[in-house]
Amino acid sequence: MRRSTRLALAALALAAPCPAALCLAAPAPAAAQSVVEFGASYTADLLSAAAHSADRGTDFVGRADAWVDFKGPVIGLDALSAHLDLIAVHGPDFSGRRIGAYQTVSSLEADTLPHVYEAWAQWKPSPYLSAKAGLIDLNAEFDIQNTGALFVNSAFGIGPDISQSGLAGPSIFPMTSSALVVRLQHGRKALALGVFDALAGSRNDPRKAALRFPGTTGALLIAETRLPIGTWLLQAGGWQYTTRFDALDPARPPAISRGVYGMLEGAVTRKLSAWIRLGIADSRANPVATYVGGGAVAILGDWRLGLAAAHARLGEAARQTLFAPNSARRAETVLELTAQRQLAPWLNIQPDLQYVIHPGWDQTARSSLVFGLRFSMAIPES
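Residues numbered from 1 in each chain as written. Predicted model: local features only at pLDDT ≥ 70, side-chain atom pairs only at ≥ 80, totals over all residues. Heavy atoms only, no water.

Engineer: I keep staring at the pattern of salt bridges and nothing clicks. Help me out?
Structural biologist: When the charged atoms of two side chains lie near each other, side chains of opposite charge can form a pair. For the structure shown, the criterion picks out 16 salt bridges. The partner of K132 in a salt bridge is E141, and the shortest N-O contact between them spans 2.5 Å. Between E141 and R183 there is a salt bridge whose closest N-O contact spans 3.2 Å. Residue E141 is found in the loop between β5 (129–136) and α4 (160–163), and its partner R183 is found in strand β6 (residues 177–186); the two are separated by 42 residues along the sequence. Like R183, E141 is buried. (Salt bridge = Lys/Arg side-chain N within 4 Å of Asp/Glu carboxyl O. Helix = DSSP H or I, 4+ residues; strand = E, 2+ residues; numbered from the N terminus. Buried < 20%, exposed > 50% of the residue type's maximum accessible area, 1.4 Å probe, protein only.)

Engineer: Even after reading the chapter, I still don't get the pairing of strand β9 (residues 232–245), so can you show me in this structure?
Structural biologist: With 10 bridges joining them, strand β8 (residues 219–229) and β9 adopt antiparallel strand pairing. Paired with I229 across the two strands is W232, which belongs to β9. As consecutive antiparallel partners, β8 and β9 are separated by 2 residues, and within that stretch G230 has a phi angle of approximately 65 degrees, a positive value. (Pairing = 2+ DSSP bridges.)

Engineer: Where do I start with the pairing of β8 in this structure?
Structural biologist: If a strand is regular, its side chains alternate between the two faces of the sheet. Alignment of strand β7 (residues 189–197) against β8, held across 8 bridges, turns out to be antiparallel. Counted as the bridge partner of L193 is A223 from β8.

Engineer: When you look at the nonpolar core in this model, what are you seeing that I'm missing?
Structural biologist: The nonpolar side chains of soluble globular proteins are, as a tendency, buried together. In this structure, F94, I99, V105, F151, F156 and Y291 are the most contacted members of the largest nonpolar core, which totals 28 residues. For this core, the leading source of residues is strand β13 (residues 303–314), giving 4 residues. In this structure V105 touches L47, F94, S95, I99, V152, N153, S154, Q354, V356 and V370, once residues within four positions along its chain are discounted. In terms of nonpolar packing, the next biggest core, distinct from the first, is built from 19 residues, F142, F196, A198 and Y241 among them. (Core = buried A, V, L, I, M, F, W, Y, C linked by side-chain atoms within 4.5 Å. Contact = heavy atoms within 4.5 Å.)

If you want it as structure tokens, here you go:
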């Protein structure tokens, strides 16, 4: 249910006149480029649960990244590149403790230790073909909501229909798994295929990274196609685990965890972009059976303003087995209003407001209002 801070910074490049990701890391002339480039970022959220929340109060969560990029073309290895990203996360479980929400209020929340987040090498022999292997963030390759990357809630990074899957989650923030991703691309048309190890993190401690051959603990298979429709882009994908999981209903046999998703995203006007996403997961093995999300982002002067909604519907098996009879709501819905401004080439500030309706699908839980303030900083190699 989390997304990469680097994806959020990269998404700024789509709309801001001089967004952080471009202003900070604009490529230098070829003669001045380095074979190895370094960078770091820090993103933090100050979150406050207002009245009616399960546990009213304020918390501070954050994520720090330090990365190294190897640029093969600089030394004549045109087809090769590599990336290493180290992360450290701090802060409590704000969403679970204070709100009781399933869709994580902040995409930075995680229970993990400092570790290697991504470590991959890429071979790109032509503009149409690339292959990447190593520890890979699935959400950096699949189900990328570029417009949604502005928002703070994790549901707008990767759909809950996917992020709920697996024993310890799929290969996304805060823990990745070993993978192989092959991409075919021609212009805006693309087809991506991925094989990810089914278990993210160590077998003994999911807070620690582990590198295994993809498929050692079973595999998560995923495929996605991207097709342009005018100025818009359609993404459609499907995923499935090769191993079976215990069914939510103990009276039923083990079930396959799988699902499909589709998203339409594009520009409405020169200063307004929007997206809508639908995801469906097998409700025998997953709590969320259907997810619908989307929203819009507008540029107003120096600000980027966004309004979005995320609606996660509980499957019938989960309603019957995970809750007492007649005690579960059918859906948890999050409404988010956010605004972002670049204060310096290396600093963005983002006030945020979220309203969580029926948190955790709990019939007795009251809807909660969350005030937030996000700071995003990035420092590439000078």
